[in-house]
Amino acid sequence: MGGRFLVTGGAGYVGSHLVRALRARGDRCTVLDNLSTGHRAAVPDGVALAEIDLADRAAVDKILADGPWDGVFHFAALSLVGDSMRDPMGYFAANAGNSAGLIDACIRHDVKKLVFSSTAALFGLPERLPIAEDDRIDPGSPYGESKFMVERMLAWADRVHGLRYAALRYFNAAGADPDGALGEDHRPETHLIPLAIDAALGRRPPLAVFGTDYPTPDGTCIRDYVHVSDLATAHLAAFDQLDRASVTYNLGSEAGHSVHEVLASVARVGGCKVPHTLAPRRPGDPAVLVAASARIRAACGWTPRFTALDDIVATAWAWRNAHPSGYDGG
Ligand code: UFG
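The model shown is predicted, which means the values in this text are computed figures rather than measured ones.

### Re helix α2 (residues 57–65)
Buried within α2 we find Ala 59, Val 60, Ile 63 and Leu 64. Along α2, the residues classed as buried sweep out an arc of 135 degrees about the axis, all on the same side. For α2, the exposed residues set more than 90 degrees away from the buried face come down to Ala 58 and Lys 62. Structurally, α2 contributes buried residues whose contacts are with β1 (4–8), β2 (28–32), β3 (48–50), β4 (71–74) and α4 (88–108).

Dropping the structure here:
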């Protein structure tokens, strides 16, 4: 028989793909989401949606009390680096403060395992590449800092209360469920691949390439794009080993692609050009972010199914093409 899980932020981009992966292996889940950025339509029939804000401690307590839960997957957070530079305290309250409340409720209601959605943004400007888990942490934004704060809270929750956790640091989540049921629908959209696709489809103005003078072969930033369904399977693999010890993993594909390479991929997949302009750098963007993910590969046998950028982009293209209005179109 499968387990029973609470998924905070389960109506969002990565969280919804995890819910799908849990159900595919026979687990039951409840989604906790305030729908501020998540979508009701991303929660499948048969999955309970508790429309709760994590700041509502009484409501969070009530749902944790309704156990037993085999584990909690914690995605709910604000996730825009630029916004966090404008409103640091809002980010600390939403990401760190609300997580403290959730972790506290987990401890009081005897939840033994939690998987946390962390970020590569806590590395700031990396000292070396690819980035390994124990490399220097130096968040370049309140967003990255807020996620690191939660990692530290979890380390103490384990040490003092025995709460086992997996902290999973995503690099650039990309793509969409290959069956076409789920996809990326951020409002506003700020991410490169969906913006490039919409520019190619003529639904947006030409894409602005942020910075062409980076110390990279073609002058544009290099990122490690990892398929969102592979992120979901990494969550399951990490959860399954929490009986042994808490873990921290970088989740990437170990391959870097420049902005120009991503635009070329979108053009190949779509069979059309991606209209774009060359623009100044976006403040805070490091030149290169690529993960070393040997640790999770060795410990869990996790290997990404999507290794070619064109295959990742193809799933994103299929979703954007079929859902011009995102989840509003059903
Ligand atoms: N970019 C453009 N034009 C755009 C949008 C993006 O040139 O219109 C460039 C960015 O400058 C960057 C690259 O495309 O070089 C990827 O940008 P995204 O906004 O898609 O992603 P980021 O790398 O900025 O950030 C993502 C997540 C963060 C996470 C980070 C970790 O959004 O939450 O990956 O690698 F912290």
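### Details of the site of the ligand
Thr 119, Ala 208, Arg 223, Arg 282 and Asp 285 are the nearest of the 22 residues found near the ligand. Side-chain polar atom of His 191 to an oxygen atom of the ligand: 2.8 Å apart, as the coordinates give it. Between the ligand and Asp 285, the relevant distance is 2.6 Å, taken from an oxygen atom to a side-chain nitrogen or oxygen of the residue. Those elements giving two or more residues to the shell around the ligand turn out to be α6 (192–200) and β8 (207–210).

### Focus on the domain arrangement of the protein
Each assigned domain of the protein is listed here: domain 1 (4–174 + 226–250) and domain 2 (192–223 + 255–329). With centres defined by C-alpha atoms, the gap from domain 1 to domain 2 works out at 24 Å. Across the boundary between the two partners, domain 1 contributes 27 residues, which contact 21 residues of domain 2. In total, domain 1 and domain 2 occlude about 2,100 Å² of area from one another, counting both sides; carbon and sulfur atoms represent 67% of this. Contact with domain 2 buries surface across domain 1, with His 227, Asp 230 and Tyr 249 losing the most and accounting together for 24% of the total.

### Section: the sheet that holds strand β11 (residues 247–251)
Reading across from one edge, β3-β2-β1-β4-β5-β6-β11 is the order of the seven strands in this open sheet, with parallel pairing throughout. Two strands bound the open sheet, and with one partner strand each, they are β3 and β11. Recorded for the sheet is a direction-independent mean angle of 20 degrees between the axes of neighbouring strands. The pairing of β1 with β4 spans four bridges and is parallel.

### A few points about the sheet that holds strand β14 (residues 288–289)
Note on sheets: strands pair through backbone hydrogen bonds, and any given pair is parallel or antiparallel. Strand order in the open sheet made by the three strands is β12-β9-β14, with mixed pairing throughout. Of all strands in the sheet, those bounded by a partner on one side alone are β12 (257–258) and β14. Of the strand pairs in this sheet, strand β9 (residues 222–223) and β12 are connected by two bridges, and their pairing is antiparallel. Bridging from a neighbouring strand, Arg 223 pairs with His 257 of β12.

### Focus on the packing of aromatic side chains
Across all of its chains, the model carries five aromatic pairs by this definition. An angle of 90 degrees between the planes, with centres 5.1 Å apart, marks the rings of Phe 5 and Phe 239 as edge-to-face. On the criterion of sequence distance, the pair formed by Phe 5 in strand β1 and Phe 239 in helix α7 (residues 228–240) is long-range, its members being 234 residues apart. For the pair Phe 5 and Phe 239, one class covers both residues: buried. Through successive ring pairs, a cluster of aromatic residues spans Phe 5, Phe 73 and Phe 239. Its end group placed over the ring of Trp 69, Arg 4 keeps NZ or CZ at 3.8 Å from the ring centre.

### Some points on helix α8 (residues 259–270)
Between the first and last C-alpha of α8 there are 16 Å, a value that for twelve residues agrees with the 16 Å anticipated at 1.5 Å per step. Turning to α8, its buried residues number three or more, namely Val 259, Val 262, Leu 263, Ser 265 and Val 266. Looking down the long axis of α8, one finds its buried residues gathered within 160 degrees of arc, a one-sided arrangement. One or two residues past the end of α8 sits Gly 271, with phi positive at roughly 70 degrees.

### A short note on the pattern of salt bridges
Taken as a whole and assessed by the stated rule, the structure comprises 25 salt bridges. One salt bridge in this structure joins Asp 134 and Arg 295, with 3.0 Å as the shortest N-O distance. Of this pair, Asp 134 sits in the loop between β5 (113–119) and α5 (142–161) while Arg 295 sits in helix α9 (residues 294–300), and the two are 161 residues apart along the sequence. Residue Asp 134 is classed as exposed on the basis of its relative accessible area, which comes to 67%. What makes Arg 295 partly exposed here is its relative accessible area of 33%. A salt bridge links Arg 223 to Asp 285, with the nearest nitrogen and oxygen atoms 3.9 Å apart. Of the two residues, Arg 223 is situated in strand β9 and Asp 285 in the loop between β13 (276–279) and β14; the sequence distance between them amounts to 62 residues. Comparing Arg 223 with Asp 285, the two get one shared label, buried. The network of salt bridges with common partners includes Asp 198, Arg 203, Arg 204 and Arg 320.

Rules behind the numbers
Residues numbered from 1 in each chain as written. Predicted model: local features only at pLDDT ≥ 70, side-chain atom pairs only at ≥ 80, totals over all residues. Heavy atoms only, no water. Buried < 20%, exposed > 50% of the residue type's maximum accessible area, 1.4 Å probe, protein only. Helix = DSSP H or I, 4+ residues; strand = E, 2+ residues; numbered from the N terminus. Arc of directions from axis to C-beta. Contact = heavy atoms within 4.5 Å. Near = heavy atom within 4 Å. Polar contact = N/O pair within 3.5 Å; in protein donor to acceptor, adjacent residues only side chain to side chain. Domains from an automatic or database assignment. Buried area = accessible area lost by both parts, 1.4 Å probe. Pairing = 2+ DSSP bridges. Axes fitted to C-alpha atoms, helices over the stretch in contact; angles between N-to-C directions. Phe/Tyr/Trp six-rings, centres within 6.5 Å; stacked < 30°, edge-to-face > 60°. Lys NZ or Arg CZ within 6 Å of the ring centre and 35° of its normal. Expected span 1.5 Å × (residues − 1). Salt bridge = Lys/Arg side-chain N within 4 Å of Asp/Glu carboxyl O.

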